[in-house]
Amino acid sequence: MDRTAFGDIMKRFILCLITLSFLACSVIAIKAQDRVEQWRGKTVMVFTPHPDDDVFGCGGALAMLARNGNKIIVVIYTNDNKGSFDLEMTSERLARIRKAEQEAAMEVIGIPKENIIWMGYEDGELEYAEPKALCGQATKLIRKYRPDVLFSVDPGEWYERWHKSDHRMGGFNTADAIRAAEFHLYYPEHLLVDGLKPYKVPLMMFYYAASEANYWVDITDVVDLKIKAISKHVSQFEPSINKYRPDWDPKDLEKLVEYLKGRATKKDGKYVEAFRRATGFNPQ
Ligand SMILES: [Zn+2]
């Protein structure tokens, strides 16, 4: 091989290296931009079966998104008016209590109560709602708010599938509504009467995803805030769930915080929330 040929090969090799490193940098840049931690100015929609699953499932991510100036709309399917062992409790009173607790939890997270939408279905009875109307309600909200990202209970997880009917229905209904929102021929009255155009949700983050999780958000900075928000749901925990009281005995609160922190998901030494992230219905 003469020197000129060797020089040519070297030049091409260096050019190749430069191109490859440029491509690698672009991929890293796209990935970094895609991280929840980096999002700014986005519209985020959350669908939750009950007023507490949102904080349990993605309260850390929501706290981070609120802090970073994203607009968050929380849609709650049911009023959670059945889950109390207190024989003195009534459904009407419990619905009021749960609403106030949710507003307090959202305030901690940084979401104003004006951004909470209550569908108002009875606790445990979402599966008895008229399916077409239920899907239409969620579809209409998606078309109205046009979220950059939508958070929902993962309909595929075993616990949601088999043991918790509102979670099952809420998860499947939201997934069906995401699909319907894309096509103007589903619920055509949304366009014809309300002027709401079809909308394709570009990104979905399914929370309560365990076995199929493919994306983790580092919530270490906001884990205490998440736990504080959870603790606002006083009536969901002992002793208040057994005999209602609106506040915490400091010792009980301390125990709860310790319990929640001990059970919080950790990955590589960080507190995380696990999601099944999907664009369209193809897992990414
Ligand atoms: Zn729930």
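Residues numbered from 1 in each chain as written. Predicted model: local features only at pLDDT ≥ 70, side-chain atom pairs only at ≥ 80, totals over all residues.

A.B. asks: Which residues make up the environment of Phe 281, and what are the values?
C.D. replies: Locating Phe 281 in the fold gives a position in the loop between strand E8 (270-279) and strand E9 (282-283). On the basis of neighbour counts, which here come to 9 C-beta atoms within 10 Å, the residue Phe 281 falls in the exposed class. (Helix = DSSP H or I, 4+ residues; strand = E, 2+ residues; numbered from the N terminus. Buried ≥ 20, exposed ≤ 12 C-beta atoms within 10 Å, placed from the backbone.)

A.B. asks: If you had to explain unusual backbone geometry to someone new, which residues and values would you point to?
C.D. replies: Cis rather than trans, the peptide bond between Glu 238 and Pro 239 has omega equal to 5 degrees. Tracing the backbone through its elements, the reader meets Pro 239 in the loop between helix H8 (223-231) and helix H9 (250-263). Here Tyr 187, not a glycine, exhibits a phi torsion of approximately 50 degrees, which is positive. Tracing the backbone shows Tyr 187 in the loop between helix H6 (165-182) and helix H7 (189-192). A tally of 24 C-beta atoms within 10 Å means that Tyr 187 is categorised as buried. Unlike most non-glycine residues, Tyr 208 shows phi in positive territory, near 60 degrees. Here Tyr 208 is to be found in the loop between strand E5 (204-207) and strand E6 (215-218).

A.B. asks: So what's going on with H8? Which residues, and what values?
C.D. replies: Among the nine residues that make up H8, seven are buried, leaving the element largely enclosed by the rest of the structure. Of all the residues in H8, the buried ones are Val 223, Leu 225, Lys 226, Ile 227, Lys 228, Ala 229 and Ser 231. Elements that come into contact with the buried residues of H8 comprise helix H2 (53-67), helix H3 (91-109), H9 and E8. (Contact = placed C-beta atoms within 7 Å.)

A.B. asks: I'd love a proper account of the nonpolar core, names of residues and values included.
C.D. replies: Counting residues in hydrophobic clusters, the biggest one holds 61 residues, and the most contacted among them are Val 46, Leu 62, Ile 109 and Tyr 207. The residues touching Tyr 207, leaving out its near neighbours within four places in the chain, are Gly 57, Cys 58, Phe 151, Val 153, Asp 154, Glu 273 and Phe 275. (Core = buried A, V, L, I, M, F, W, Y, C linked by C-beta atoms within 7 Å.)

A.B. asks: Go over the pairing of strand E1 (residues 43-48), please, and point to the residues and values.
C.D. replies: By the criterion of burial, E1 is predominantly enclosed, with five of the six residues buried. Where E1 and strand E2 (residues 71-78) come together, six bridges link them in parallel fashion. Note that in E2 the partner of Thr 48 across the bridge is Ile 76. As for the winding sense of the linkage, the β-α-β connection from E1 through H2 to E2 is right-handed. Pairing of E1 with strand E4 (residues 149-153) involves four bridges; the strand directions are parallel. From the neighbouring strand, Phe 47 faces E4, where its bridge partner is Ser 152. (Pairing = 2+ DSSP bridges. Right-handed = clockwise from strand over helix to strand, strands pointing away.)

A.B. asks: A description of the packing of helix H4 (residues 131-145) against H6 should follow, citing residues and the corresponding values.
C.D. replies: The interhelical angle for the contact between H4 and H6, taken along N-to-C directions, is 55 degrees, at an axis separation of 8 Å. Here H6 runs oblique to H4, going by the angle between their axes. In the crossing of H4 with H6, the sense of the turn from one axis to the other is right-handed. Contacts from Leu 134, Cys 135, Ala 138, Thr 139, Ile 142 and Arg 143 of H4 reach H6 at Asn 173, Thr 174, Asp 176, Ala 177, Ile 178, Ala 180 and Ala 181. Split into classes, the residues belonging to the contact of H4 with H6 amount to eight nonpolar, three polar and two charged. (Axes fitted to C-alpha atoms, helices over the stretch in contact; angles between N-to-C directions. Parallel < 35°, antiparallel > 145°, perpendicular 65-115°, else oblique. Left-handed = near helix turned anticlockwise from the far one by under 90°. Nonpolar A, V, L, I, M, F, W, Y, C, P; charged D, E, K, R; others polar.)

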